[in-house]
Amino acid sequence: MALGASHRLQDGVLAVETMTRFALAVLALASGVYTYLGVRSLLDGSATAVFFAAIIYAASVSVAIYAFWSYMARFYPHVTGAAGRGAMIGVMALGCAMIIAMSSWLNAAALAGSAALEQHLAETVQDYTADLDQAHQNALAAQSLLPDIQRTSERFSRLAEDERQNGALTGTTGAGSVVQLLTQMSAQLNELETGIVASRERVTTLFDQGRAHLATMRTLVSAPGAVAPRSDEFSAEVVALSGVITSLEQTSIAPSVKRAAEDLSLGFIAPVADGRAADLADRQDQVMETIRASVSAQSQVLSQAADDILAREPVAERRFVPLSSAEAVLRYAADFIPAWAGAISIDLLPAVLVFILAVVHGAIRRQEERMPFAQRITAAELIEALEVQRALGRQGIDVEQALQAAEADEERSRADSNITSLDMSAKAPRKGPPA
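Report on the accompanying structure.

Calculation rules
- Residues numbered from 1 in each chain as written.
- Predicted model: local features only at pLDDT ≥ 70, side-chain atom pairs only at ≥ 80, totals over all residues.
- Heavy atoms only, no water.
- Helix = DSSP H or I, 4+ residues; strand = E, 2+ residues; numbered from the N terminus.
- Buried < 20%, exposed > 50% of the residue type's maximum accessible area, 1.4 Å probe, protein only.
- Contact = heavy atoms within 4.5 Å.
- Areas by Shrake-Rupley, 256 points an atom, 1.4 Å probe, with all protein chains shown as cover.
- Axes fitted to C-alpha atoms, helices over the stretch in contact; angles between N-to-C directions.
- Parallel < 35°, antiparallel > 145°, perpendicular 65-115°, else oblique.
- Nonpolar A, V, L, I, M, F, W, Y, C, P; charged D, E, K, R; others polar.
- Left-handed = near helix turned anticlockwise from the far one by under 90°.
- 1 Å grid on protein atoms, 1.4 Å probe; cavity = no way out; pocket = protein on both sides within 12 Å on 5 of 7 lines; lining within 4 Å.
- Points joined across faces, edges and corners; volume = space filled by probe spheres on them.
- Salt bridge = Lys/Arg side-chain N within 4 Å of Asp/Glu carboxyl O.
- Polar contact = N/O pair within 3.5 Å; in protein donor to acceptor, adjacent residues only side chain to side chain.
- Phe/Tyr/Trp six-rings, centres within 6.5 Å; stacked < 30°, edge-to-face > 60°.
- Lys NZ or Arg CZ within 6 Å of the ring centre and 35° of its normal.
- Expected span 1.5 Å × (residues − 1).

### Some words on the overall build of the protein chain
Item 1. The number of helices and strands found in the protein chain is 14 helices and 0 strands.
Item 2. Reading the protein chain from its N terminus to its C terminus gives the helix and strand order α-α-α-α-α-α-α-α-α-α-α-α-α-α.
Item 3. The buried share of the protein chain, taken over its 435 residues, is 34%.
Item 4. In the protein chain, 80% of the contacts between residues at least 6 apart in sequence involve partners at least 24 apart.
Item 5. Of the accessible surface of the protein chain, which amounts to about 25,800 Å², a share of 59% is contributed by carbon and sulfur atoms.

Shown next, in the form of structure tokens:
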């Protein structure tokens, strides 16, 4: 039974030898084709130079893969020692690493390069969308001050009107110094309000432009066709969008609000009391001092609010870096694991065939070691032995006597090896003169 199984395994190894070579050739050719597609995206120059350079590199990779796995399939199954097997496995691991370095990543670039580039563009769109939103929020932050400014301006205007009509502050009706001062403060706050409103319109216009650029960028990401021309158009849109974001950063009205708030307090110039009576002049001075304190408090509130807005983190400068398909596959490798698995499998699948051959040859050797010599000898070896016996008989040599003489010589050599060697350093007896 063991002899039959051993023969069947040997017949199977011989039967699949051609198939093994064919499989290695096909896998090497497939790897070369995808390597050509991948390396072509990395080269620059004329179309002819790129074509021949890619063809030469792909052919070299195919030959190297076929030769490497042919050597491993031929020698590894027949190496039986532990040290030899360990050395061969180390060589195989080194070869696999070199194959991945020179071929597999280019295969992955050919399989998933376009998708990886689109992934790069899509993530860039997300980053610039966040930047545009942040710039828009920073630019509109000063709009939150508008209600307070409007309320303060209306209060000053209402007090001026009440003073003019009813003398609510000084007790004397008419347009005097107090009315003039209140009107002046209201006018300054109205100017600041007008600036904030105009800024809001400018910010809205810029934000609409930025959204239009983002819409174009999203269209380019998902548009059909080659990705390289789309990437060029995408770069142009990125440049335009970066300009919009910069303009939004510079459009913020917060610095102007801070300066205006400081001017309210530092630039406060109260008019001289114009009351003809001393009592009225004193009341006007008291009211204007109260107005000064109110303006100072309002100035501090606005200035602090402007500082909070200016303390916001500005939009970080961002640069769009175009990538080749091979670079994109490496950067976004985690998103394209199936493509990487397929690319590596094409190059390393022959390792499975090598290990199958190693297991089969190991089984054949173990079965043959358990069989007696009579079962291990083949018919061809038996016929060859009989031919040798006949040749020796024709020359007058008795095979039986020759075997007995050989066995006797072997016994004598074994006996001599068991004799204790004498000390050759002792002085030997002198021989007598020859007779």
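### Quick notes on the packing of helix α3 (residues 82-140) against helix α6 (residues 227-251)
Item 1. α6 packs onto α3 with a crossing angle of 10° between their chain directions and a minimal axis gap of 10 Å. Considering their axes alone, α3 and α6 lie roughly parallel with respect to each other.
Item 2. Of the residues contributing to the contact of α3 with α6, the split by class is 14 nonpolar, 6 polar and 4 charged.

### Observations regarding the packing of helix α2 (residues 47-75) against α3
Item 1. Contact pair α2 / α3: the axes reach a minimum separation of 11 Å and the direction vectors enclose 160°. The angle between α2 and α3 places the two elements in the roughly antiparallel class. Considering only the axes of α2 and α3, their crossing is left-handed. Across from Tyr 57, Val 61, Ala 64, Ile 65, Phe 68, Trp 69, Met 72 and Phe 75 in α2, the residues of α3 making contact are Met 88, Val 91, Met 92, Gly 95, Cys 96, Ile 99, Met 102, Ser 103 and Leu 106.
Item 2. A breakdown of the residues in the contact of α2 with α3 according to their chemical character gives 15 nonpolar, 2 polar and no charged.

### As for the layout of surface pockets
Item 1. Volume-wise, the largest pocket comes out at about 320 Å³.
Item 2. In terms of residue count, helix α1 (residues 2-40) provides more of the lining of the largest pocket than any other element does, 7 residues in total.
Item 3. In terms of residue class, the lining of the largest pocket is built from 9 nonpolar, 4 polar and 3 charged.
Item 4. What the second largest pocket holds in volume is close to 190 Å³.
Item 5. Considering the residues around the second largest pocket, the lining is formed by Tyr 128, Asp 131, Ser 242, Ile 245, Thr 246, Glu 249, Val 315, Ala 316, Glu 317 and Arg 318.
Item 6. Listing elements by their share of the lining of the second largest pocket, those giving two or more residues are α3 and α6.

### Examining the pattern of salt bridges
Item 1. Tallied over the full model, the rule gives 6 salt bridges.
Item 2. One salt bridge in this structure joins Glu 17 and Arg 74, with 3.4 Å as the shortest N-O distance. Residue Glu 17 is located in helix α1, and its partner Arg 74 is located in helix α2; the two are separated by 57 residues in the primary sequence.
Item 3. Classification of Glu 17 by relative accessible area gives partly exposed; the value is 29%.
Item 4. Its relative accessible area of 45% is what places Arg 74 among the partly exposed residues.

### Examining the side chain of Ser 62
Item 1. On the secondary structure map, Ser 62 appears in helix α2.
Item 2. At 2.9 Å, the side chain of Ser 62 and the backbone oxygen of Ala 28 are in polar contact.
Item 3. Those residues in contact with Ser 62 that lie beyond four places of it in its chain are Ala 28, Leu 29 and Gly 32.

### Structural notes on the packing of aromatic side chains
Item 1. In total, this model carries 6 aromatic pairs according to the counting rule given.
Item 2. Pairing Phe 51 with Phe 52 gives two aromatic rings, centres 5.3 Å apart and planes at 75°, and the pair type is edge-to-face.
Item 3. Note on Phe 51: relative accessible area 39%, which makes it partly exposed.
Item 4. Their ring planes at 70° and their centres at 4.8 Å tell us that Phe 68 and Trp 69 sit as a pair that is edge-to-face. Across this residue pair, the class does not change: Phe 68 and Trp 69 are buried.
Item 5. Taken together, the ring pairs in this structure connect Tyr 36, Phe 51 and Phe 52 into an aromatic cluster.
Item 6. Against the face of Tyr 76 rests Arg 85, its NZ or CZ located 4.7 Å from the ring centre.

### A word on helix α10 (residues 337-348)
One turn of the α-helix equals 3.6 residues, which is why residues spaced by three or four share an orientation.
Item 1. Here α10 contains 12 residues, and its C-alpha end-to-end distance of 16 Å stays within 8% of the 16 Å for a straight helix at 1.5 Å per residue.
Item 2. What α10 keeps buried is the set Ala 339, Trp 340, Ala 343, Ile 346, Asp 347 and Leu 348.

### As for empty space enclosed by the protein
Item 1. Counted by the stated rule, this structure contains 1 cavity of 30 Å³ or more.
Item 2. Of the voids in this model, the largest cavity is the one considered here, and its volume is about 40 Å³.
Item 3. Lining of the largest cavity is provided by Leu 117, His 120, Leu 121, Val 227, Ser 231, Phe 320, Pro 322 and Leu 323.
Item 4. When residues of the lining of the largest cavity are traced back to their parent elements, those giving at least two are α3 and α6.
Item 5. Counting residues per element, the lining of the largest cavity draws most heavily on α3, at 3 residues.
Item 6. For the lining of the largest cavity, the residue count by class is 6 nonpolar, 2 polar and no charged.

### Considerations on the environment of Tyr 57
Item 1. Locating Tyr 57 in the fold gives a position in helix α2.
Item 2. Between the C-alpha atom of Tyr 57 and that of Thr 35, which follows or precedes it by 22 residues, the distance is 8.1 Å.
Item 3. Aside from chain neighbours lying at most four places away, what touches Tyr 57 is Thr 35, Val 39, Met 102 and Leu 106.

### Thoughts on α6
Item 1. Between its first and last C-alpha atoms α6 spans 35 Å; for 25 residues at 1.5 Å apiece the expected length is 36 Å, and the two agree.
Item 2. Along α6, the positions that sit buried rather than exposed are Val 227, Arg 230, Ser 231, Phe 234, Glu 237, Val 238, Leu 241, Val 244, Ile 245, Leu 248 and Thr 251.

### So, the side chain of Ser 104
Item 1. Looking at the secondary structure, you find Ser 104 in helix α3.
Item 2. If we ignore the near neighbours within four places in the chain, the residues touching Ser 104 are Ile 99, Ala 343, Ile 344 and Asp 347.

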